[in-house]
Amino acid sequence: MGLQQFEQRLERLVEGAFAKAFRGELQPVELGRRLTREMDLNRAVAVRTVIAPNSFEIVLSPEDFERFEGFVEVLARELADAAREHAGNEGYSFLGPVEVQINWSEELPRSTFAVTSAVVEGDDSPTDWIVLPDGRRIGIGLDELTIGRLPECAIAVSDPNVSRRHAQLRRNGDTVVIADLGSTNGTRVNGTPVQQQRLKDGDQITVGTTTLRFEQS
């Protein structure tokens, strides 16, 4: 789903001013495919989760980098979003924020590129987790995580009883709070309807007919 969303967003972004730059040349979505493949190849199994690279460098040829000029920062952000969405879909965790750098090298011929990756720890490494019904675990760092039916939600739930943007997980100091976002069917913690609730280890969160589990490290 991450690459599909990435490709759809790029299609809108490259219309008009950028359309000629990408016609018949290296396509941005090729970078996304290689980046997610790099995550798959270099993931590492930890005790209770799978750790994926979160720091990426993409090196282009001078000609391609020149064509991407003016679009590099936007592309890097979109690639980082694609990486986060892919991690969510595959149940990968990061030890730090996702960062993508795009550079160039005279050693690379036109329409070729290289991607390298690394696991880099950050100050917002997840200390708490949401466990999905299929066993996948999503780490909770400093960023707010939205639970909902939309594919771009950090925790996307395929459940017709779940609202498009159903609930949100927010860090409050050392604790995590879940807040209902005005969903149609409400949010329950351990079977009790809540508008906002501080979570503790082992709490069962129900959205629609789907139950998630909160875990503290």
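Please read all numbers here as calculations on a predicted model, not as lab measurements. (Residues numbered from 1 in each chain as written. Predicted model: local features only at pLDDT ≥ 70, side-chain atom pairs only at ≥ 80, totals over all residues. Heavy atoms only, no water.)

Peer 1: An account of the overall build of the protein chain is requested, with residue identities and associated values reported.
Peer 2: When you go through the protein chain residue by residue, the secondary structure sums to 5 helices and 17 strands. Out of the 217 residues in the protein chain, the part that is buried amounts to 46%. Taking the contacts inside the protein chain whose residues are at least 6 apart along the sequence as the reference set, 58% of them involve residues at least 24 apart. Looking at the protein chain as shown, the accessible area adds up to about 11,300 Å², and 45% of this sits on carbon and sulfur atoms. (Helix = DSSP H or I, 4+ residues; strand = E, 2+ residues; numbered from the N terminus. Buried < 20%, exposed > 50% of the residue type's maximum accessible area, 1.4 Å probe, protein only. Contact = heavy atoms within 4.5 Å. Areas by Shrake-Rupley, 256 points an atom, 1.4 Å probe, with all protein chains shown as cover.)

Peer 1: Lay out the pattern of salt bridges with the relevant residues and their values.
Peer 2: Per the stated rule, a full pass over the model turns up 5 salt bridges. Among the salt bridges present, the one from aspartate 64 reaches arginine 67, with a minimum N-O distance of 2.7 Å. Pair noted here: aspartate 64 and arginine 67 are both in helix α4 (residues 62-68), with a separation of 3 residues, about one helical turn. Arginine 67 matches aspartate 64 in its accessibility class, with the two residues each being buried. Residue aspartate 128 is joined to arginine 171 by a salt bridge in which the shortest nitrogen-to-oxygen separation is 2.7 Å. (Salt bridge = Lys/Arg side-chain N within 4 Å of Asp/Glu carboxyl O.)

Peer 1: Explain the pairing of strand β8 (residues 137-140) residue by residue, including any values.
Peer 2: Covered by surrounding structure in β8 are Arg137 and Gly139 together with Ile138 and Ile140, the residues of both alternating faces. Pairing between strand β7 (residues 128-131) and β8: 4 bridges, direction antiparallel. From the neighbouring strand, valine 131 faces β8, where its bridge partner is arginine 137. What sits between the antiparallel neighbours β7 and β8 is a turn of 5 residues, in which glycine 135 has the positive phi angle 95°. (Pairing = 2+ DSSP bridges.)

Peer 1: Lay out the sheet that holds strand β2 (residues 50-51) with the relevant residues and their values.
Peer 2: Taken together, the 3 strands give an open sheet; going across it, the order is β1-β2-β4, and neighbouring strands pair in mixed fashion. For this open sheet the edge positions go to β1 (44-45) and β4 (92-93), each flanked by a neighbour on one side alone.

Peer 1: Hey, could you go over unusual backbone geometry for me, with residue numbers and the actual values?
Peer 2: At serine 111, a residue that is not glycine, the phi angle is positive and equals roughly 70°. With respect to the helices and strands, serine 111 occurs in the loop between β5 (99-104) and β6 (113-118). We note that asparagine 190 has phi near 55°; this positive angle belongs to a residue other than glycine.

Peer 1: Please give an account of the sheet that holds strand β9 (residues 145-148) that cites residues and values.
Peer 2: Spatial strand order, β10-β9-β11-β12-β15: 5 strands in an open sheet with mixed pairing. In the strand order of this sheet, the two ends are held by β10 (155-156) and β15 (196-198), each with one partner.

Peer 1: Tell me about helix α5 (residues 72-90), and name the residues and values.
Peer 2: Taking 1.5 Å per residue, 19 residues should reach 27 Å; α5 reaches 27 Å between its end C-alpha atoms and fits that length. Immediately downstream of α5, the backbone of glycine 91 shows phi near 80°, a positive value. (Expected span 1.5 Å × (residues − 1).)

These figures come from the coordinates and say nothing about function on their own.
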